[in-house]
Amino acid sequence: MVFSFIVIPLLVAAFLPLIGKISKKLLPDVLTNAALAFLLFNSILLVKPIFTNGFIIQNLSWLGEKVNLQIALDGFSLFMLFTISLVSLCVSLFSIDYLEHYGHKANFYALFLVMIAAMNGLVLVPDLFSVYLFMEVAAVASYALVAFGLGSDELEASYKYLMLSVVASAFVLLSITVIFGLTGNLSFQAVAQGLQDLNARIVLGVCVAFFIMGFGLKAALIPFHAWLPDAHPSAPAPISAMLSGLLIKVSGIYALFRILYSVIGLSPALSRLLMALGIISVLVAALLALGQKDIKRMLAYSSISQVGYIVLGLALGTPLGIAGGLFHLFNHATAKGLLFLNSGSIQHITGTRNLDELGGLGKKVPITSGTNLVGALSIAGVPPLAGFWSKLIIIIALVQAKAFGYALVAILASILTLWYYLLIQRKAFFGQVREKWQQVREAPFWMSAANIILALICLLVGIFFTPVYKTWISPAAEALARGIHQVLMWGL
Amino acid sequence: MAIQIILLCGLIIFSVLAILLKDLIKAALSLAVASLFLGIIFFLLAAPYAGVFEISVVAGLITVLFVLTIALTKKDGEVKESRIVHLAFPIFFILFIVIDGLVMKSLLQKIPVLPIGPEAGTFGEVLWKQRTFDLVAQIGIILAGVLAVLALFRKKEEDKDE
């Protein structure tokens, strides 16, 4: 049942504060992880129906009467659901031990589950206004989660995030309003149909510009990135992993490209504009990341840079480019999730995130060091790890499309990426152990376990590249590449 | 027509008051009156459910939240602002009105007439038959808001216990 992706996390979230009164730790831990494991299992079960049918449309009925709760699942949405379930399960496993010093686990998990339900909802709904609403639900939950530590910098980061995010929502809502005015409808299918018969290029251009500004802010594309390097490092590590790994992709990239491909249609001019935004993000954010001393801040800039790669691939518009972009989205979600969780481990172990203070931790904490290396090399694009393949596909797609300049910059920025990740590795883990870190011990069991699972995914997806590509990536890429025909096929 | 102009003017005047007034309670109440005007405008434009939500949520619920928050924070409700804000706002406001007028004038001519009435049917029909999913998302938003309050105001309670 596809509705379970929205209903189960919402239900569990609603009861968690009450359950927290009875059991402070055990029950919230078990319930949250069980719910997320179920969703992951469910998303794997849905592969077969999607493979045979191409899409699933479900209507909910209440006491025998249809209540017009409708969701549409195709290859692209299933791919996103799988990514969300996988990364969020690892993050919640990590939280079991990490949240010990924050306390109030039940409240944390409840907000966390609301955010996941909202992301799942955003991926599943077939109409513009619901996309907006679920985007807001996820955003409200994430403001609270960024500020969860209640320190002054957390609250400041959350406030900054809130202010810029509201601007993004306003642009998106404005654009949706104008589209509603143009077509008299909000469902993807009716809007796609309506816009085809309509000759309103200028107004539609304004709408698309607003969408790019709104979703670009959510995805932190340069020049809309100002909030991310503050918000992501200030949040607790599991939430940084969720925000960087998933939220910017779901409420930024997914929403933007679903609407551009399946509703409005990607024109060549639009493709060039987005590619330009993508390549600027790739290069500028990589350069900005080099100068950072705080690990999480460096990772946050790296997220902007990697989102640039994803946009570059998706905006190119060729089937190979789309596949590369989506594959990189998955790889970045797992690897960046891993790296942010690792930064949480480092902070948990040493109490600092400043690279200048760390040094030689590798011998003391081999698991954290090893998993960090895997994540870093995967994002930097070193074979045989997963990130290598996705970057390779994007670059091949760029070369095929004769965008040689873009391909060159993408390769150069990839070298920059490797540079700053090796910087983290060298300053934090390699070399002689500093005096004050002589007594440090490896991170607790669940934190290490979550890191190992994500590192294994980065490694195994790289090694078993072909089956993964066939099962998850290519149905998703096909769904996007069909463009407007995709939603017209749904027959809502 | 006259009623519409009065309503629109009231909306703008009370919105501006909400920004300019220094007493926070008065500012919050002006905002409530402004959204009351907006709610009535929605009704007149045949958008009953937008009107209901505007009046119940914005004019009602949010005002209560604002007044509560202001009451909880400090006795002194006055905001200290630099004079520049007070000078800059009217200038930006007038500039905005001029630009908005120009943009809307050119834009409105290009938007074709609505193919069908956007809100055919009664309020209940619209709410339950056409836009049910929004209700799920609204439940989500309220849940997220409540949980956020629970999570972010937890320290205060702990302090009290101590």
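Note that the coordinates shown come from a computational prediction; the quantities given were computed from them, not determined experimentally. (Residues numbered from 1 in each chain as written. Chains lettered and ligands numbered in written order. Predicted model: local features only at pLDDT ≥ 70, side-chain atom pairs only at ≥ 80, totals over all residues. Heavy atoms only, no water.)

Assigned secondary structure in chain B consists of seven helices and zero strands. Its helices and strands taken in sequence order, chain B reads α-α-α-α-α-α-α from the N to the C terminus. Considering chain B as a whole, with its 162 residues, one finds that 24% of them fall into the buried category. Long-range pairs, those at least 24 residues apart, make up 59% of the contacts in chain B between residues at least 6 apart in sequence. Of the accessible surface of chain B, which amounts to about 11300 Å², a share of 75% is contributed by carbon and sulfur atoms. (Helix = DSSP H or I, 4+ residues; strand = E, 2+ residues; numbered from the N terminus. Buried < 20%, exposed > 50% of the residue type's maximum accessible area, 1.4 Å probe, protein only. Contact = heavy atoms within 4.5 Å. Areas by Shrake-Rupley, 256 points an atom, 1.4 Å probe, with all protein chains shown as cover.)

A few words on unusual backbone geometry. Residues and elements named next belong to chain A. The peptide bond linking I222 to P223 adopts the cis configuration, its omega dihedral lying at 10°. In this fold, P223 is placed in the loop between α9 (201–219) and α10 (228–234). For the bond running from P383 to P384, omega is 5°, close enough to zero to count as cis. Looking at the element boundaries, P384 is found in the loop between α15 (366–380) and α16 (386–400). Phi at L150 takes a positive value of approximately 65°, unusual for a residue other than glycine. Summarising the element assignment, L150 is placed in the loop between α6 (128–146) and α7 (152–183). Positive phi values are uncommon outside glycine, yet K402 reaches one of about 60°. Here K402 shows up in the loop between α16 and α17 (404–429).

Here the focus is helix α1 (residues 4–22) of chain A. The end-to-end C-alpha separation of α1 of chain A is 26 Å, in line with the 27 Å expected for 19 residues at 1.5 Å each. Every buried residue of α1 of chain A is accounted for by S4, F5, I6, P9, L10, V12, A13, L16, P17, I19 and G20 of chain A. (Expected span 1.5 Å × (residues − 1).)

Let us look at a nonpolar patch on the surface. Residue and element names in this part refer to chain A. Residues I367, I452, L456, L459, L460, I463 and F464 make up a contiguous nonpolar surface patch of roughly 570 Å² in combined accessible area. Per element, the largest residue contribution to the nonpolar patch is five residues, and it comes from helix α18 (residues 445–463). The class for L460 is partly exposed, based on a relative accessible area of 39%. (Patch = residues over 30% accessible without salt bridge, like charges linked within 9 Å, V, L, I, M, F, W, Y side chains within 5 Å. Salt bridge = Lys/Arg side-chain N within 4 Å of Asp/Glu carboxyl O.)

One can find F134 of chain A in helix α6. Of the residues examined, F134 of chain A reaches a relative accessible area of 2% and is grouped as buried. Taking the C-alpha atoms as reference points, F134 of chain A and N120 of chain A, 14 residues apart in sequence, are found 8.7 Å from one another. Beyond its immediate chain neighbours, meaning those up to four positions away, F134 of chain A contacts I6, A118, G121, L122 and V125 of chain A together with F133, V136 and A137 of chain B.

Turning next to the pattern of salt bridges. Residues and elements named next belong to chain A. Counted under the stated rule, the structure contains nine salt bridges over all chains. Residue R258 pairs with D74 through a salt bridge whose shortest N-O separation is 2.8 Å. Pair noted here: R258 is in helix α11 (residues 237–264) and D74 is in strand β2 (residues 65–74), with a separation of 184 residues, a long-range link. Among the residues examined, D74 registers a relative accessible area of 0% and is labelled buried. Residue D294 pairs with R353 through a salt bridge whose shortest N-O separation is 2.8 Å. Placement of the pair is D294 in the loop between α12 (268–290) and α13 (295–316) and R353 in the loop between α14 (319–350) and α15, with a sequence separation of 59 residues. Through salt bridges with shared partners, a single ionic network connects K25, D29, E100 and K105.

All names here are of chain A. As for its position among the elements, D97 is in helix α4 (residues 75–98). It is K105 that comes nearest to the buried, bridge-free D97 among opposite-charge side chains, at 6.2 Å. Polar side-chain contacts of D97 include one of 2.8 Å to the backbone nitrogen of W446. If sequence neighbours within four positions are ignored, D97 has contacts with P444, F445, W446 and M447. (Lys, Arg positive; Asp, Glu negative; His and termini not counted. Polar contact = N/O pair within 3.5 Å; in protein donor to acceptor, adjacent residues only side chain to side chain.)

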